[in-house]
Amino acid sequence: MVDPVLYGKIRHLAIQGVSQRKIAERLKISRKAVAKYYDGAHIPGQAQPRAPNESADKSEIKDAIRKYCEEHRDDQTRKHKINGHTLWRDLHHEYPRSEVTYRRYWAEIRGERQVQTRLPLIFGIAEAAQVDWKMSKVRHRGRDLTLHVLCVNLMYGHTPFKKAYPNEKQYNLIDGLISAMLFFRGAPGKFQMDNMTTARKKGYGKEAELTDEFKLFAAHYGVEIEFMNPYEAPEKGVAEVAAKTAGGILTPIIDVEDISEVNDKLLVECLHYIEHSGRIGNRPRTVKEMTLEERPHLTPLPIKQYEIGIHDTATVNNQQLFKFDGHTYSTPRPYAGKVIGIVAYSFRVELFYKGAKFWECDRPLFEHENRVYPEHYLYDLKIKPRSRENAFPLLEGILPPELDRFRKLCNSKNTKCYQLYMLMQMMQEIGRDKLLKAVDIANDNGSPTLAKVEQILLHGLKDAEDEPSMDKLDKAILEDDFYVEQREPSEYDSLWGQACQTQPKDKNDPDNK
């Protein structure tokens, strides 16, 4: 082994003109080693790169793979591409090797290819924001719900914004962009996004044409909409990374009562990211510093906020019901038989009659959900008492969470709807908050009933647990279908004695003598 000291002696003697043979004799090393380092063509410890030696069989198989790929170059799509399994399936009969070997050779061939290069980009202050969707799941009141999270990132400061929606329809996309601009406190110069069918009429990329609604939205906020080239996800790499982050925030699946809980969680994560993230990529300062720097340069938002919704009309039938978007809705009694106007937004539905709004409710998230409210039917429930136990609004309608829980926990079979009706009447008399608080306490105590709620209200919410005993017959009227009075056997002895005293004496009975 020639070390640096020995190498230095070889080079020193070589520079003096000493022959290789004499250097070998003087240093007592082989002439082969002297010849290698004599002219300085090699440096000890520095390996020379060399091409790998492939066996003839391996070279033959790799040539066959290259030929196969060339023949089927035009027979592939974005989702149907040649892989190691395909090559093994079609070539292993002629070139017997395992599938693992084919996969390894295919990986080596792919590594020889020139990858598609990307030009690093830098954006000016308030110049652009990238937009993308991410699908994720939550558990909404015990049922799995697929949400679509809109991710918007300012390109200068890498400022993120995320908001979840039940679908990716146009009004949700526009609502998400408006929410992002409100969060950023201004509008960027342009939005860069995929070729979303909800935003374009026709064409792709730079040839895409905006829908009329999106043209109006862009004009109102003074922004430009720019579509990426088809199948070029890396062009909006920042939004792609933000979408993955959104999926991570909602993993594992969380339990929620409303989508607003998801959006609150996403908003908290965005604010935390802005506050605590350092420098991203080649940006010179932290996310927080660049966000504060960019904010004053964003385009000021217009005075009136742009709103978009689905506009429709419906005729309310004599059951105070109408159908919209595959769901059943109810209206207050005065609007039965009337033609009403409907405006549906991302999370709410508003009802109008002759230009005046008379009702508003949240929008259903699942199929076969209804928006039928028992409070719309209090008049009919009052004048038609025999129909209460079969009333759809009481059995399947939308109730406040406390009353809905009461409906699930109440054990009565034949009087449950009657109790719900009475509770709703009481809610109008004593106030919503006071009644629902009492119902919540009754629910927590288990097997809630109307009588328990009345006792809680009578003795005060604090003394709810010290409920006085009720007459069993009165309680059975509300809780059970019938009541049988229980007696001790000794009680029957006294009754039997009374019967004997009232019976006439028999003269022939020896006990009477």
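Residues numbered from 1 in each chain as written. Predicted model: local features only at pLDDT ≥ 70, side-chain atom pairs only at ≥ 80, totals over all residues. Heavy atoms only, no water.

Enquirer: Would you explain the pattern of salt bridges in this entry?
Expert: Pairs can form between side chains of opposite charge whenever their charged atoms are close. Per the counting criterion, the structure on display carries 31 salt bridges. Between Glu54 and Lys62 there is a salt bridge, with the nearest N and O atoms lying 3.0 Å from each other. Taking the shortest distance from any N to any O, the salt bridge between Asp362 and Arg371 comes out at 3.2 Å. (Salt bridge = Lys/Arg side-chain N within 4 Å of Asp/Glu carboxyl O.)

Enquirer: What am I meant to see in the pairing of strand β14 (residues 356–362) here?
Expert: Across a regular strand the side chains alternate sides, sitting on one face of the sheet and then on the other. As paired strands, strand β13 (residues 348–353) and β14 are joined by six bridges and run antiparallel to one another. Looking at the pairing, Glu350 lines up with Glu360 of β14. Hairpin geometry of β13 and β14 is characterised by an intervening segment of two residues between the two adjacent antiparallel strands and by a positive phi of about 55° at Lys354. (Pairing = 2+ DSSP bridges. Helix = DSSP H or I, 4+ residues; strand = E, 2+ residues; numbered from the N terminus.)

Enquirer: I'm lost on the sheet that holds strand β10 (residues 321–324) in this one. Help?
Expert: Hydrogen bonds along the backbone pair up the strands of a sheet, which may run parallel or antiparallel. Taking strand neighbours across the sheet as the criterion, the three strands line up as β10-β11-β15 in an open arrangement whose pairing is mixed. Taken across any chain shown, the strands that pair with only one partner, and hence form the sheet edges, are β10 and β15 (370–371). The sheet contact formed by β10 and strand β11 (residues 327–330) spans four bridges and is antiparallel. Paired with Phe324 across the strands is His327, a residue of β11.

Enquirer: Just checking my understanding: could you explain the packing of helix α15 (residues 416–430) against helix α16 (residues 432–445) for this structure?
Expert: Any two packed helices are characterised by the angle at which their axes cross and by the distance between the axes. Where α15 contacts α16, the axes come no closer than 7 Å and their chain directions differ by 135°. The angle between the axes of α15 and α16 places the two elements in the oblique class. In this structure, α15 contributes Leu423, Met426, Met427 and Ile430 to the contact, and α16 contributes Arg432, Lys434, Leu435, Leu436 and Val439. For the contact of α15 with α16, a count of residues per class yields seven nonpolar, no polar and two charged. (Axes fitted to C-alpha atoms, helices over the stretch in contact; angles between N-to-C directions. Parallel < 35°, antiparallel > 145°, perpendicular 65-115°, else oblique. Contact = heavy atoms within 4.5 Å. Nonpolar A, V, L, I, M, F, W, Y, C, P; charged D, E, K, R; others polar.)

Enquirer: Is there a simple way to explain the packing of helix α14 (residues 401–409) against α16 in this structure?
Expert: Contact geometry for α14 and α16: axes closest at 9 Å, N-to-C directions at 35°. You can see that α14 and α16 cross each other, and the crossing is left-handed. Across the interface between the two elements, Glu402, Leu403, Arg405, Phe406 and Leu409 from α14 touch Leu436, Val439, Asp440, Asn443 and Asp444 from α16. In terms of residue class, the contact of α14 with α16 is built from five nonpolar, one polar and four charged. (Left-handed = near helix turned anticlockwise from the far one by under 90°.)

Enquirer: How should the packing of aromatic side chains be read in this particular structure?
Expert: What describes a pair of aromatic rings is the distance from one ring centre to the other and the angle between the planes of the rings. Taken as a whole and assessed by the stated rule, the structure comprises 14 aromatic pairs. With a centroid separation of 3.8 Å and 15° between ring planes, the pair formed by Tyr335 and Phe358 is classed as stacked. Remark: Phe358 occurs in strand β14 and Tyr335 occurs in the loop between β11 and β12 (339–344); sequence separation between them is 23 residues. There is no split in this pair, since Tyr335 and Phe358 are both buried. Each member of the aromatic cluster is reached from another via a ring pair, and the members are Phe214, Phe217, Tyr221 and Tyr306. A cation over an aromatic ring shows up here: Arg143 above the ring of Phe366, its NZ or CZ 4.0 Å from the ring centre. (Phe/Tyr/Trp six-rings, centres within 6.5 Å; stacked < 30°, edge-to-face > 60°. Buried < 20%, exposed > 50% of the residue type's maximum accessible area, 1.4 Å probe, protein only. Lys NZ or Arg CZ within 6 Å of the ring centre and 35° of its normal.)

Enquirer: Please clarify how helix α1 (residues 4–15) should be interpreted in this entry.
Expert: Residues separated by three or four positions in an α-helix point in the same direction, a consequence of the helix having 3.6 residues per turn. With twelve residues, α1 should reach 16 Å at 1.5 Å per residue; the first-to-last C-alpha distance of 16 Å fits that figure. Buried within α1 we find Leu6, Tyr7, Ile10, Leu13 and Ala14. All buried residues of α1 project into a common sector of 130° when viewed along the axis, lining one side. Exposed side of α1, more than 90 degrees from the buried face: Pro4, Val5 and Ile15 are the residues found there. Looking at the packing, one finds that the buried side of α1 touches α2 (20–27) and α3 (31–37). Gly17 occupies a position one or two residues after α1 and carries a positive phi of about 95°. (Expected span 1.5 Å × (residues − 1). Arc of directions from axis to C-beta.)

Enquirer: So what exactly am I meant to see when it comes to the sheet that holds strand β9 (residues 310–315) here?
Expert: With antiparallel pairing, the four strands of this open sheet are ordered in space as β9-β12-β13-β14. Each end of this open sheet is capped by a strand with a single partner; those strands are β9 and β14. When the angles between neighbouring strand axes are averaged without regard to direction, this sheet yields 25°. Here β12 pairs with β13 via four bridges, running antiparallel.

Enquirer: For this particular structure, what's the right way to read the side chain of Ser412?
Expert: Structurally, Ser412 is set in the loop between α14 and α15. Of the polar contacts made by the side chain of Ser412, one reaches the side chain of Thr415; its length is 2.4 Å. (Polar contact = N/O pair within 3.5 Å; in protein donor to acceptor, adjacent residues only side chain to side chain.)

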